[in-house]
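As a plain string of letters, each chain reads:
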Amino acid sequence: MADVNSSTPVITYREAVAEGLARELRRDPTVVCLGEDIGAAGGVFKTTSGLFGEFGKGRIWDTPISEQAILGVAMGAAMTGMRPVAEIMFSDFFACCWDYLANEIPKMRYMTGGQVTVPLVVRTANGGGLGFGAQHSQAVENWTLTIPGLKIAAPSNPADVIGMMAAAIRSDDPVVFFEHKGLFASKGPAAPEDHVVELGRATVAREGTDVTLVGLAATVPLALTAADQLAGEGISAEVIDLRCLVPLDMAAVLASLRRTSRLVIVEENPFQGGWGGTVASIVADEGFELLDAPVRRVAGANVPLPFADVLEQQVIPTVDAVTAAVRTLAAY
Amino acid sequence: MTAVDASASALEADQLLALYEEMALIRATEKAAHDLFLSGLVKGTTHLAAGQEAVAVGASAALRPDDYVFATYRGHHHAMARGATPVECLAELMSKGTGLCRAKGGSMHLTKASAGMLGSYAIVGSHLPMAAGAAWSARLRGTGQVAVAFFGDGATNIGAFHEALNLSVVWALPVLFICENNLYMEYTPIHEVTAVADPAAGRAPAYGIPAEVIDGNDVLIVWDAVRRAAERARAGQGPTLLEAKTYRHFGHSRTDPASYRPAAEVEQWLSRDPLDLARARLRALGVLDESVAAADERAAATVAEAVAAAKAAPEPDPGDAMTDVWADGGSAWRT
């Protein structure tokens with residue numbers, strides 16, 4: 001993340017979501033938003049705040065609590081000339097409309113022999129750390145990674161929210177856009193005008209020479225904090241912000257490993273079936289000779305998300321877990 | 001069931017004969033698909049629509065060419081009613097590269113997007129919200145188009161049906177929900193798993209959607225009901241639900257001999273074959289039997305040519321397995 005200086009406006013991640021949507025709504029009349037409480041209420045996380053006032057009910061559509069209808073309607077509109085942006089309030093609710101994410105949206109182009117494209121964005125609030133319990137706290141980015149045909153974006157900072165939102169909405173492919181609940185209040189430099197971050201381009205969030213920490217969304221600031229602590233111990237950690245799971249920028253990961261030869265993957269979704277397994281398998285296959293140490297994965301525990309903070313901290317990745325994993329690699 | 005509206009007679013004899021010929025073409029194509037399956041040339045499964053042609057042909061005739069249609073895995077008749085040719089359909093069923101979906105969809109996913117036929121869906125009920133979405137898009141773009149979702153009686157017990165109905169009426173969408181009630185959800189009679197007599201039309205009032213139960217085997221009645229529903233939709237009066245009572249001549253899918261259906265019931269419905277009903281109407285309008293026979297012969301000849309052409313068509317390029325995941329035509333997912 002770029003340094004924030006006094007001349008750069010600073011906005012929150014939450015404000016960046018609304019700003020990213022507003023920029024595309026202004027630019028392209030076919031962009032239209034739908035979801036539960038996104039209109040006059042401004043969204044339960046206030047991520048659509050101000051949009052209803054600026055664009056009106058013809059562009060910002062409140063829906064009933066009908067996740068299947070939300071995604072099905074978005075799909076039908078995307079197939080017929082619109083660029084809908086659908087909000088599923090919590091990513092846990094993907095299970096309520098999984099047919100559309102698993103069977104319908106990602107397969108339409110392929111199974112029609114290329115006749116139909118589905119240019120839509122499914123936005124959702126993902127991840128834990130806020131004490132919402134087992135059905136409102138999950139990090140489910142790995143659910144979507146199991147389905148060929150979905151692009152998967154998960155920004156870690158406000159400028160990327162805006163730039164990746166622009167890329168997602170302009171994409172002719174379906175994009176699942178994970179907004180991390182734990183980052184909504186975080187701040188960062190505002191994005192310049194017409195800021196677009198191409199999907200599938202990871203970035204080096206911090207340069208280092210001893211170990212590579214690969215993160216996504218909320219695990220990026222977590223990895224950066226860990227890197228700060230490790231620097232005090234004389235360990236130079238490089239932090240890669242993957243930004244997207246599909247397209248997956250393995251070239252960036254492998255390039256970093258050429259510099260560091262050690263890899264710790266920091267992922268919030270559960271270890272079982274988590275995206276880090278895919279990254280690790282590609283590194284094992286294509287980067288084996290780059291490694292001086294085993295690959296470690298710091299991931300969510302294989303349990304439902306508990307409610308109490310003291311319990312939740314036991315099962316989601318923490319700075320301490322990351323630094324501990326890095327130290328185990330120092331022996332190699 | 002409603003009597004024929006007086007305005008239904010507005011369909012001229014030559015128009016009705018054209019609809020008859022379309023139905024005959026679909027019937028002959030379905031028969032060919034059945035035979036090709038038995039001879040091992042059609043893989044996977046098929047869900048034939050023989051017996052239900054009047055719903056597709058009558059509805060399509062009442063729509064504009066730019067309207068949208070969404071169908072189910074029993075959708076051959078809807079693809080053809082919107083302009084897919086027998087050879088395109090049969091080539092797809094026979095896994096040929098010249099098929100409607102380049103052999104990547106198969107019988108359950110016939111699609112002809114260029115004709116507004118936006119797909120056949122094999123997850124029951126999934127396409128009702130999509131049709132609502134196409135209607136929403138038409139409303140947003142101000143095109144005056146309508147969207148139609150055809151679905152079976154079995155779809156009336158899945159959540160997407162109910163979510164789509166509610167949202168469509170709340171948003172006043174120009175969408176038509178047309179249930180082809182062939183009395184069986186698959187192998188089980190729909191009345192054994194649904195408490196109301198009309199599984200689609202009986203639910204519509206709860207959502208505030210006007211509904212009508214119609215004779216789905218009479219192409220003229222279907223045409224008239226869809227015409228009126230489409231007019232309502234285009235006038236901004238929102239969705240309409242039609243429940244068309246009909247019957248499939250074959251089993252649910254290719255492995256099903258449909259032995260669970262009582263012989264008397266089958267006989268009664270076969271005596272109400274939509275082709276026979278249309279013939280009777282044509283005769284009443286003074287159309288000569290020779291003209292009808294000529295239509296039958298043209299349909300048979302077209303399908304015979306289609307079978308030969310589909311058999312001779314090339315296999316898909318194996319490389320096509322890795323194309324068209326993404327809009328750029330490719331399937332790359334990583335660097």
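1. Examining the overall build of chain B
- Within chain B, the secondary structure is distributed over twelve helices and six strands.
- C-alpha atoms of chain B, sized along the principal axes, occupy 55 × 55 × 40 Å.
- Burial analysis of chain B (335 residues in total) assigns 56% to the buried set.
- Considering only residue pairs separated by 6 or more positions, chain B has 77% of its internal contacts joining residues 24 or more positions apart.

2. Observations regarding the overall build of chain A
- Each helix and strand counted, chain A has twelve helices and 14 strands in total.
- Its C-alpha atoms give chain A a radius of gyration of 19 Å, within 12% of the compact-globule value 20 Å for 332 residues.
- Based on the C-alpha atoms only, the size of chain A along its principal axes is roughly 60 × 50 × 40 Å.
- Counting only residues that meet the buried cut, chain A has 58% of its 332 residues in that class.
- Restricting to contacts in chain A with at least 6 residues of sequence separation, those with at least 24 account for 79%.

3. As for the environment of Leu90(B)
Residues and elements named next belong to chain B.
- Mapped onto the elements, Leu90 comes out in helix α4 (residues 86-93).
- For Leu90, a count of 28 C-beta atoms within 10 Å translates into the label buried.
- Residues Leu90 and Val307, 217 residues apart in the sequence, show an inter-C-alpha distance of 6.9 Å.
- If sequence neighbours within four positions are ignored, Leu90 has contacts with Thr29, Ala32, Ala33, Ala306, Val307 and Ala310.

4. Brief notes about the interface of chain B and chain A
- If you look at the interface, chain B gives 38 residues, while chain A gives 40 residues.
- Within the residue set of the side of chain B that touches chain A, elements represented by two or more residues are β2 (117-121), α5 (127-141) and α6 (159-170) of chain B.
- The leading source of residues in the side of chain B that touches chain A is α5(B), at ten residues.
- Its residues placed into classes, the side of chain B that touches chain A shows 21 nonpolar, eleven polar and six charged.

5. Some details on the domain arrangement of chain A
Residue and element names in this part refer to chain A.
- For chain A, the domain assignment lists domain 1 (10-189) and domain 2 (203-329).
- Inter-centroid distance (C-alpha atoms) of domain 1 to domain 2 is 26 Å.
- The partner domain 2 presents 24 residues to the 27 residues of domain 1 that form the contact.
- Only α6 (141-145), β6 (151-153), α7 (158-170) and β7 (175-180) provide two or more residues apiece to the side of domain 1 that touches domain 2.
- Of the residues belonging to the side of domain 1 that touches domain 2, the class tally is twelve nonpolar, twelve polar and three charged.

6. Re the sheet that holds strand β1 (residues 68-72) of chain B
Residues and elements named next belong to chain B.
- Taken together, six strands build an open sheet; the order of strands is β2-β1-β3-β4-β6-β5 and the sheet is parallel. Looking at the sheet topology across the chains shown, the edges are occupied by β2 and β5 (211-215). Going from strand to strand, the sheet's axes swing by 20° on average, the running direction of each strand aside.
- Of the pairings in the sheet, the one linking strand β3 (residues 147-152) to strand β4 (residues 175-181) comprises six bridges and is parallel in character. Across the sheet, residue Ala147 finds its bridge partner in β4, namely Val175.

7. Some remarks on α7(A)
- Taking 1.5 Å per residue as the helical rise, α7(A) with its 13 residues ought to reach 18 Å, and the 18 Å between its terminal C-alpha atoms agrees with that figure.
- Those residues of α7(A) lying buried are Pro158(A), Ala159(A), Asp160(A), Val161(A), Ile162(A), Gly163(A), Met164(A), Met165(A), Ala166(A), Ala167(A), Ala168(A) and Ile169(A).

8. Considerations on unusual backbone geometry
- In this structure, the amide linkage connecting Val246(A) to the following residue, Pro247(A), adopts the cis form with an omega of -5°.
- Phi angles above zero are rare outside glycine, and Ser95(B) is one such case at about 65°.
- As for its position among the elements, Ser95(B) is in the loop between α4 and β2.
- For Ser95(B), a count of 18 C-beta atoms within 10 Å gives the class partly exposed.

9. Details of the packing of helix α1 (residues 13-38) of chain B against helix α11 (residues 274-284) of chain B
Residue and element names in this part refer to chain B.
- Where α1 meets α11, the axes come as close as 10 Å, and the angle between the chain directions of the two elements is 160°. Considering the angle they form, α1 stands roughly antiparallel to α11. For α1 against α11, the interelement crossing comes out left-handed. Only Pro274, Leu275, Ala278, Arg281 and Leu282 of α11 make contact with α1, whose side of the interface consists of Ala13, Leu16, Leu17, Leu19, Tyr20, Met23, Ala24 and Arg27.

10. A word on the packing of α5(B) against α6(B)
Residues and elements named next belong to chain B.
- Following both chains from N to C, one finds α5 and α6 inclined at 20°, their axes separated by 7 Å at the closest point. Relative to α6, the element α5 lies roughly parallel. Contacts between α5 and α6 involve Leu128, Pro129 and Ala132 from the first element and Ala160, Phe161, Glu163, Ala164, Leu167 and Ser168 from the second.
- A class-by-class count of the residues in the contact of α5 with α6 yields seven nonpolar, one polar and one charged.

11. Topic: the sheet that holds strand β14 (residues 296-300) of chain A
Residues and elements named next belong to chain A.
- In spatial order, the strands read β9-β11-β10-β13-β14; together these five strands make up an open sheet with mixed pairing. The outermost strands of the open sheet, each flanked by one partner alone, are β9 (203-206) and β14. Ignoring strand direction, the axes of neighbouring strands in this sheet form an average angle of 25°.
- With three bridges joining them, β9 and strand β11 (residues 237-241) adopt antiparallel strand pairing. If you follow Arg206 over to β11, its bridge partner there is Val239.
- Those strands touched by helix α8 (residues 219-232) are β9, β10 (211-215), β11 and β13 (263-270), and its axis lies near 170° from that of β11.
- Sheet contacts for helix α10 (residues 275-286): β10, β13 and β14; angle to β13, the most-contacted strand, approximately 150°.

The rules we used
- Residues numbered from 1 in each chain as written.
- Chains lettered and ligands numbered in written order.
- Predicted model: local features only at pLDDT ≥ 70, side-chain atom pairs only at ≥ 80, totals over all residues.
- Helix = DSSP H or I, 4+ residues; strand = E, 2+ residues; numbered from the N terminus.
- Buried ≥ 20, exposed ≤ 12 C-beta atoms within 10 Å, placed from the backbone.
- Contact = placed C-beta atoms within 7 Å.
- Rg over C-alpha atoms; globule rule 2.2 N^0.38 Å.
- Nonpolar A, V, L, I, M, F, W, Y, C, P; charged D, E, K, R; others polar.
- Domains from an automatic or database assignment.
- Pairing = 2+ DSSP bridges.
- Axes fitted to C-alpha atoms, helices over the stretch in contact; angles between N-to-C directions.
- Expected span 1.5 Å × (residues − 1).
- Parallel < 35°, antiparallel > 145°, perpendicular 65-115°, else oblique.
- Left-handed = near helix turned anticlockwise from the far one by under 90°.

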